[in-house]
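# Notes for the structure review
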Amino acid sequence: MEGVTGPALVNAGQYIMYTEFKDIVLGGKGSMPGFTHVSEETLEALYRYLGGTHGALISSSV
Ligand code: HEM
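My aim in this report is to walk through the structure given alongside it, one point at a time.

Right, let's talk about the overall build of the chain for a bit. Looking only at helices and strands, the chain has two helices and zero strands in total. Counting the 62 residues in the chain, one finds 11% classified as buried. When contacts within the chain are restricted to residue pairs at least 6 apart in sequence, those whose partners lie at least 24 apart make up 67%.

This is how it looks when you write it as structure tokens:
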């Protein structure tokens, strides 16, 4: 299932590396706006919430 305006993010942490996730959230991607005010702590919490394991493993979807 996709999001209303973007792709589904459930388990995004399992196919996107933390560094890439951070770049997307801070800088945006395609029609997604960047959120420059998000702290590192919040980014890590979001990434973990989406199934990520903080930078380890996982191949990029891009
Ligand atoms: C804190 C909130 C958000 C987070 C953590 C987030 C995270 C992400 C991530 C990780 C991707 C890449 C997904 C992938 O490549 O499979 C993505 C893509 C996308 N997001 Fe968001 N997003 C957020 C908010 C939003 C909002 C508010 C919008 C719309 C206004 C949006 C629109 C999009 C779109 C359109 C894409 C696809 C971009 C492309 O591939 O060209 N996102 N988002």
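This next bit is on unusual backbone geometry. Backbone geometry places Asn 11, a non-glycine residue, at a positive phi of 70 degrees. Mapping Asn 11 onto the fold places it in the segment before α1 (18-27). The class for Asn 11 is exposed, based on 11 C-beta atoms found within 10 Å.

Bringing the site of the ligand into the picture now. Lining the immediate surroundings of the ligand are 17 residues, of which Thr 5, Gly 6, Lys 29, Gly 30 and Met 32 lie closest. Residue contributions to the shell around the ligand peak at three residues, all from α1. Its residues placed into classes, the shell around the ligand shows eleven nonpolar, five polar and one charged.

In this structure, Val 10 sits in the segment before α1. Taking the C-alpha atoms as reference points, Val 10 and Gly 51, 41 residues apart in sequence, are found 7.5 Å from one another.

Before going further, it helps to examine helix α2 (residues 40-49). Within α2, only one of the ten residues are buried, which leaves the element largely exposed. Following α2 by one or two positions, Gly 51 adopts a phi angle in the positive range, close to 90 degrees.

Mapped onto the elements of the fold, Glu 40 is located in helix α2. By the C-beta count within 10 Å, which is 8 here, Glu 40 ends up exposed. Residues Glu 40 and Lys 22 lie 18 residues apart in sequence; the distance between their C-alpha atoms is 8.5 Å.

Rules used in this analysis
- Residues numbered from 1 in each chain as written.
- Predicted model: local features only at pLDDT ≥ 70, side-chain atom pairs only at ≥ 80, totals over all residues.
- Helix = DSSP H or I, 4+ residues; strand = E, 2+ residues; numbered from the N terminus.
- Buried ≥ 20, exposed ≤ 12 C-beta atoms within 10 Å, placed from the backbone.
- Contact = placed C-beta atoms within 7 Å.
- Near = placed C-beta within 6 Å.
- Nonpolar A, V, L, I, M, F, W, Y, C, P; charged D, E, K, R; others polar.

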